[in-house]
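Each chain is listed here by its residues.
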Amino acid sequence: MHEPVKPTRILRIDPSNPRIDYLIEAARVIKYGGLVIFPTETVYGLGADAMNNLAVRKIFEAKGRPLDNPLIVHISDINQLNILSDNVKEEVYQLAEKFWPGPLTVVLYRSERVPYEVCAGLETVAVRMPAHPVALKLIELSGTPIAAPSANPAGKPSPTSGEHVKRDMMGRVDVIIDSGETLYGVESTIIDITRDPPLLLRPGALPIEEIEKTIKKKIVIPEFARGLIEASEAIAPGMKYRHYAPSKPLQVIESSDYSNLERYSLGVFKHVKRLMDNGLKVVLLASSETTQYYHEVEILSLGSRKNLFEVARNLYKALRKIDELDIDIAVSEGFEEKGLGLTIMNRLRKASGYNIIRI
Ligand code: TXA
Ligand code: MG
């Protein structure tokens, strides 16, 4: 990664009352080929003009991102789809109608106009319309689709607050828009719609069950989308890289059945106790329902199992917290892979480097 050199301008924009002069300033930076970090409803993005290959190349430099990992293109108007793709399927419009703006990314065949760098040489392009007033206005004022990966240095958890991006990316971009915490705290759901039935590339903030209801088809869930194995490069280019990872070791303790939480947490407790008896300082990422079963164990609460939206939202904050604590190892409970549970387990398994213990 390059040394920080750029003077970074920080613009605080209140999403409920966005300052138009700040947005015009940030849009001008995009138009002239610069880099702007902006909030979305999922995580912060590191954006550049998607149609300007030189600008897009700067994204990869600022993040330390490998060039073979393609970017998501963000649009503010459905008509921009026609710039990015020549023959948009009816199914895409059906999904857009229902879920855009929102945390769904679709992979489509790309048009010749999309720069090579955005798609890392693939025949396809990933597109979404973010549900955040600041993001939408920024795209609109820029007058161009904005290519943006999550605004973290490669390999780190995605930033879910202005504080995260300021800590990680100062000096690497022209503008940081700080609009506080993001709503979902986890990235968009990505489906490859060039396939029939569509293939899940990454579970995210939108549960796939909802997409299935809309298109009236079952989505194919490959093992890598569950976070159990690395993806092969041909199918999901970016998924092979280690993601979301704290620098301390993390273990995930899974069960095939979470219906008896008392029994499950007893198993988790035994495992944690064994680590502690071996002299290790442990932190346990646990749900609020099970905290009562752990005695003299340091706990990072993820929230309630009855509200997986909350757990997903707390996840990256917890992963970042692991590195700040005076501990040797983190252990996390597992969750049932339904709804957002699939997303949570994908992130936890990948963050642990597949360090999965089944009890
Ligand atoms: O919520 C989100 O999706 C956030 C916000 C900023 O929009 N963005 C985000 O981008 O998470 P990023 O770059 O961190 O993750 C995008 C993923 C990568 O794993 C990349 O490999 C995959 O999307 N991707 C992009 N274009 C693709 C394509 N044409 N085919 C397959 N996968 C693609
Ligand atoms: Mg990312």
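Residues numbered from 1 in each chain as written. Chains lettered and ligands numbered in written order. Predicted model: local features only at pLDDT ≥ 70, side-chain atom pairs only at ≥ 80, totals over all residues. Heavy atoms only, no water.

Focus: the overall build of the protein chain
Secondary structure assignment for the protein chain yields 11 helices and 15 strands. Structurally, the protein chain occupies a C-alpha span of about 60 × 50 × 35 Å along its principal axes. Restricting to contacts in the protein chain with at least 6 residues of sequence separation, those with at least 24 account for 69%. Within the structure as shown, the protein chain displays about 15,100 Å² of accessible surface, and the carbon and sulfur contribution to it stands at 51%. (Helix = DSSP H or I, 4+ residues; strand = E, 2+ residues; numbered from the N terminus. Contact = heavy atoms within 4.5 Å. Areas by Shrake-Rupley, 256 points an atom, 1.4 Å probe, with all protein chains shown as cover.)

With respect to the environment of Arg9
Along the chain, Arg9 turns up in strand β1 (residues 9-12). Separated by 165 residues in sequence, Arg9 and Asp174 have C-alpha atoms that sit 6.2 Å apart. Non-local contacts of Arg9, meaning those with residues more than four positions away in its chain, are made with Tyr22, Glu25, Asp174, Val175 and Ile176.

Considerations on the packing of helix α1 (residues 20-31) against helix α6 (residues 133-142)
Packing of α1 against α6 leaves a shortest axis separation of 8 Å and a crossing angle of 55 degrees. One way to sum up the angle between α1 and α6 is to call them oblique. In terms of crossing hand, the pair formed by α1 and α6 is right-handed. Where α1 approaches α6, its residues Ile20, Leu23, Ile24, Ala26, Ala27, Ile30 and Lys31 are matched on the opposing element by Val134, Lys137, Leu138, Leu141 and Ser142. Residue composition of the contact of α1 with α6, grouped by class: nine nonpolar, one polar and two charged. (Axes fitted to C-alpha atoms, helices over the stretch in contact; angles between N-to-C directions. Parallel < 35°, antiparallel > 145°, perpendicular 65-115°, else oblique. Left-handed = near helix turned anticlockwise from the far one by under 90°. Nonpolar A, V, L, I, M, F, W, Y, C, P; charged D, E, K, R; others polar.)

With respect to the site of ligand 1
The environment of ligand 1 is formed by 26 residues, the closest being Thr42, Arg65, Asn69, His74 and Ser188. Between ligand 1 and His74, the relevant distance is 2.6 Å, taken from an oxygen atom to a side-chain nitrogen or oxygen of the residue. Taking Ser188, its side chain carries an N or O atom lying 2.6 Å from an oxygen atom of ligand 1. Only β4 (72-74), β6 (124-128) and β10 (199-202) provide two or more residues apiece to the shell around ligand 1. Classifying every residue of the shell around ligand 1 by side-chain character gives 14 nonpolar, eight polar and four charged. (Near = heavy atom within 4 Å. Polar contact = N/O pair within 3.5 Å; in protein donor to acceptor, adjacent residues only side chain to side chain.)

A few points about the sheet that holds strand β2 (residues 36-38)
Strands sit in the order β1-β8-β2-β3-β7-β4-β6-β5-β9-β10 across an open sheet of 10 strands; the sheet is mixed. Lying at the two open borders of the sheet, with one neighbouring strand each, are β1 and β10. Sheet topology places β1 next to strand β8 (residues 175-178); four bridges connect them, and they run parallel. Paired with Ile10 across the two strands is Ile176, which belongs to β8. (Pairing = 2+ DSSP bridges.)

Some words on the sheet that holds strand β12 (residues 282-287)
Spatial ordering of the open sheet is given by β13-β12-β14-β11-β15, a layout of five strands whose pairing is parallel. On the outer flanks of this sheet lie β13 (298-303) and β15 (356-358), each paired with one strand and no other. The average angle at which neighbouring strand axes cross in this sheet is 25 degrees, direction not considered. Bridging between β12 and β13 involves five bridges; their strand directions are parallel.

Topic: the packing of aromatic side chains
The full count for this structure, using the stated rule, is three aromatic pairs. Ring geometry for Tyr184 against Phe309: centres 5.7 Å apart, planes inclined by 75 degrees, an arrangement best described as edge-to-face. Of this pair, Tyr184 sits in the loop between β8 and β9 (189-192) while Phe309 sits in helix α10 (residues 308-324), placing them 125 residues apart in sequence. With a relative accessible area of 22%, Tyr184 lands in the partly exposed category. Ring centres of Phe269 and Tyr294 lie 6.3 Å apart, and the angle between their planes is 35 degrees; this geometry places the pair in the tilted category. (Phe/Tyr/Trp six-rings, centres within 6.5 Å; stacked < 30°, edge-to-face > 60°. Buried < 20%, exposed > 50% of the residue type's maximum accessible area, 1.4 Å probe, protein only.)

Some details on the domain arrangement of the protein chain
As assigned here, the protein chain comprises domain 1 (9-226) and domain 2 (250-358). Each partner contributes to the interface: domain 1 provides 29 residues, whereas domain 2 provides 19 residues. Taken together, the two surfaces of domain 1 and domain 2 that pack against each other cover about 1,900 Å², and 49% of this comes from carbon and sulfur. Together, Pro157, Pro203 and Arg226 form the three largest contributors to the area buried by domain 1 at its contact with domain 2, with a combined 29%. Between Arg167 and Glu324 there is a salt bridge, and its shortest N-O distance comes to 3.7 Å. Here domain 1 is connected to domain 2 by 12 residue pairs in polar contact (both at pLDDT 80 or more). For the side of domain 1 that touches domain 2, the secondary structure elements donating two or more residues are α7 (162-169), β10 and α8 (208-215). At three residues, the largest contribution of residues to the side of domain 1 that touches domain 2 is made by α7. (Domains from an automatic or database assignment. Buried area = accessible area lost by both parts, 1.4 Å probe. Salt bridge = Lys/Arg side-chain N within 4 Å of Asp/Glu carboxyl O.)

Some thoughts on the pattern of salt bridges
Scanning the model with the defined rule gives 26 salt bridges in all. Where Lys166 meets Asp178, a salt bridge forms, and the shortest distance between an N and an O atom there is 2.9 Å. In this pair, Lys166 is assigned in helix α7 and Asp178 in strand β8, connecting sequence segments 12 residues apart. Linked by salt bridges that have partners in common, Glu223, Arg226, Glu254, Glu337 and Arg349 make up one network.

A short note on α7
Three or more residues of α7 are buried, namely Gly162, His164, Val165 and Met169. Angular distribution of buried residues about the axis of α7 spans 155 degrees; they occupy a single face of the element. If you follow the buried residues of α7, they end up packed against β2, β3 (45-49), α2 (53-63), β8 and α10. Among the residues trailing α7, Gly171 stands out with phi positive, at a value near 85 degrees. (Arc of directions from axis to C-beta.)

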